[in-house]
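Next come the chains, spelled out residue by residue.
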Amino acid sequence: MRRKITPLWFGTAVFLNMAVFTAPGVADDAGQVQITNIPREVKNGAQAYKIFIMLSTGTSAKAGYVAKGDALVNGEPLVTVDLKKPDGKPWVGTGMFNIAIVISPKEVSTSDDIEVHGGEKIFSSKIQHIAWAPGLINLHDLVPAQVGEIFDGVIKPDTDIIKK
């Protein structure tokens, strides 16, 4: 015996389904960033080793960050980074943020050894997708002093990176 679907029942089911997926308060905040187009090498031909991302509401390293994360690159052109609050707990959120993405080799001497790109991004879904170069600004060219601040605040304290 085949059950008939009445237009009223079908319309009610579609409405309820839409209400569940679009209702205010349904968590759809970003908690991860997927970064693509990661180059295999950074400056001077050194192999890319680790990637960092920082989200901020300010425009300088001194502004601090709302969330940050890092991951080993291992020659992969794509990584997914879990975002954390300054206290180390998982971060989720939405909104417009200034972002800085840093790619570092395993060994560094100065801020000239790292690649730093940045820009603005609206975070509005569980996993944000960001391509490394397109749409991002090379911060070495624009604000070299801030790249130095990022080097001092992010790269120097990192225990995975060897300082020469």
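Residues numbered from 1 in each chain as written. Predicted model: local features only at pLDDT ≥ 70, side-chain atom pairs only at ≥ 80, totals over all residues. Heavy atoms only, no water.

### What about the sheet that holds strand β7 (residues 115-123)?
Taken together, the 5 strands give an open sheet; going across it, the order is β3-β2-β5-β7-β9, and neighbouring strands pair in antiparallel fashion. Two strands lie at the open edges of the sheet, namely β3 (67-72) and β9 (137-138), each paired on one side alone. Relative to β9, β7 runs antiparallel, the two sharing 2 bridges. From the neighbouring strand, His 117 faces β9, where its bridge partner is Asn 138. (Pairing = 2+ DSSP bridges. Helix = DSSP H or I, 4+ residues; strand = E, 2+ residues; numbered from the N terminus.)

### Some points on the sheet that holds strand β4 (residues 79-82)
With mixed pairing, the 3 strands of this open sheet are ordered in space as β4-β1-β8. The sheet terminates laterally at β4 and β8 (127-131), the two strands that pair on one side only. Averaged over all pairs of adjacent strands, the angle between strand axes in this sheet comes to 25°, irrespective of strand direction. Judged from the 4 bridges that link them, strand β1 (residues 32-36) and β4 form a sheet pairing that is antiparallel. (Axes fitted to C-alpha atoms, helices over the stretch in contact; angles between N-to-C directions.)

### Some points on the environment of Val 147
Tracing the sequence through the fold places Val 147 in helix α3 (residues 144-155). When the C-alpha atoms of Val 147 and Glu 115 are compared, they prove to be 8.9 Å apart, with 32 residues separating the residues in sequence. Not counting residues within four places of it along the chain, the set of residues in contact with Val 147 comprises Ser 111, Ile 114, Val 116, Leu 139 and His 140. (Contact = heavy atoms within 4.5 Å.)

### Here's the deal with the environment of Asn 98
By secondary structure assignment, the location of Asn 98 is in strand β5 (residues 95-104). The exposure class assigned to Asn 98 is buried, which follows from its relative accessible area of 17%. Sequence separation between Asn 98 and Tyr 65 is 33 residues, and the spatial gap between their C-alpha atoms is 9.2 Å. Setting aside residues up to four positions removed in sequence, Asn 98 forms contacts with Met 54, Leu 55, Ser 56, Thr 57, Gly 58, Thr 59, Gly 119 and Glu 120. Here the side chain of Asn 98 touches Gly 58 through a polar contact of 2.6 Å, landing on its backbone oxygen. (Buried < 20%, exposed > 50% of the residue type's maximum accessible area, 1.4 Å probe, protein only. Polar contact = N/O pair within 3.5 Å; in protein donor to acceptor, adjacent residues only side chain to side chain.)

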